[in-house]
Amino acid sequence: MQGSDLTLFVCETYREEVTHVVSGIPGIRIRTCFFPHFCSSGYQRIEEIRSFFSSCLLDGEAGLYFGDSELVRRGILPAGVHHVGPDSCHELIAPAEVIRDLYTHGSHLLVPGWILRWEAYVGEMGFDSRVPTAFYSSNLTESVVLDSGLLPIPPERIRSFEVFSGLSVRTIPVGISHITAIIRSEVFRWYADHIRSALAS
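What counts, and where the lines are drawn
Residues numbered from 1 in each chain as written. Predicted model: local features only at pLDDT ≥ 70, side-chain atom pairs only at ≥ 80, totals over all residues. Heavy atoms only, no water. Helix = DSSP H or I, 4+ residues; strand = E, 2+ residues; numbered from the N terminus. Buried < 20%, exposed > 50% of the residue type's maximum accessible area, 1.4 Å probe, protein only. Polar contact = N/O pair within 3.5 Å; in protein donor to acceptor, adjacent residues only side chain to side chain. Contact = heavy atoms within 4.5 Å. Pairing = 2+ DSSP bridges. Axes fitted to C-alpha atoms, helices over the stretch in contact; angles between N-to-C directions.

Colleague: Describe the side chain of Ser 165, and please don't skip the residues or the numbers.
Modeller: With respect to the helices and strands, Ser 165 occurs in helix 9 (residues 155-165). Accessibility expressed as a relative area gives 0% for Ser 165, which makes it buried. Reaching out from Ser 165, the side chain makes a polar contact with the backbone nitrogen of Leu 167 at a distance of 3.2 Å. In this structure, Ser 165 is in contact with Thr 133, Tyr 136 and Ser 137, ignoring residues within four places of it in sequence.

Colleague: Give a description of the pairing of strand 3 (residues 62-66) that names residues and reports values.
Modeller: In summary, the side chains of a regular strand alternate between the two faces of the sheet. Across the five residues that make up strand 3, a large majority, five, are buried. Here strand 3 shows two buried faces, one formed by Ala 62, Leu 64 and Phe 66 and the other by Gly 63 and Tyr 65. Alignment of strand 3 against strand 4 (residues 81-84), held across four bridges, turns out to be parallel. Note that in strand 4 the partner of Gly 63 across the bridge is Val 81.

Colleague: Kindly report on the sheet that holds strand 7 (residues 169-173), identifying the contributing residues and their values.
Modeller: If you trace the three strands from one edge of the open sheet to the other, you get 5-6-7, paired in parallel fashion. Only two strands of the sheet have a single neighbouring strand rather than two, namely strand 5 (107-110) and strand 7. Within the sheet, the average angular offset between the axes of one strand and its neighbour, ignoring direction, is 30°. One ladder, built from five bridges, connects strand 6 (residues 142-147) with strand 7; its direction is parallel. Note that in strand 7 the partner of Val 144 across the bridge is Arg 170. Set on the sheet, helix 6 (residues 96-104) makes contact with strand 5, strand 6 and strand 7; between it and strand 5 the angle comes to about 135°.

Colleague: Pulling in residues and values, what's your account of the sheet that holds strand 4?
Modeller: Read across the sheet, four strands follow the order 2-1-3-4 without closing on themselves; strand pairing throughout is parallel. The two strands at the open ends of the sheet, each matched to only one other strand, are strand 2 (30-35) and strand 4. With strand direction ignored, the average angle separating the axes of adjacent strands in the sheet is 25°. When strand 1 (residues 6-11) meets strand 2, the two strands line up parallel, connected through six bridges. Bridging from a neighbouring strand, Thr 7 pairs with Arg 31 of strand 2. Here helix 1 (residues 15-23) sits on the sheet in contact with strand 1 and strand 2, set at roughly 175° to strand 2.

Put into structure tokens, the structure is as follows:
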């Protein structure tokens, strides 16, 4: 597919998983742009995130956005970038029914890319990572890491967040089959549409 480009926009906390999936897609030239974690401080950084999307999309490129539909509702996506896949980031890594069940039981959902940098993300939310908080434990029952298996998570990372949040952390191995199926399906759907448009012109 010479001369045709596709840019994927995904939260930076999914960098390892998405990079792995994209590396296994043959014949399509794909760029990946990993936007700043919206859920930690995005509501205070709307213009910054909007500018990030616009600056990543080159002239003539198409863009697919995977992630929370809140960015769509807030009009952050530039023209040419289309929201595809599930409406929440966590449903990229595990099926919606699994996510809903965990939420029903009061679980705080995490991914490896978040827990490995948790101090930075809670700092963006206004917390001092050195000072334990009741923010999480007052409303939630546990933290759950949806583990793709691509990023090793040292036990001290888990323990340090447990101390900070007051919640126990357990890990659920989810693998990468779910996120692989979603991304490959949407990329190949875009490719088929692109080919049809090229043949019709």
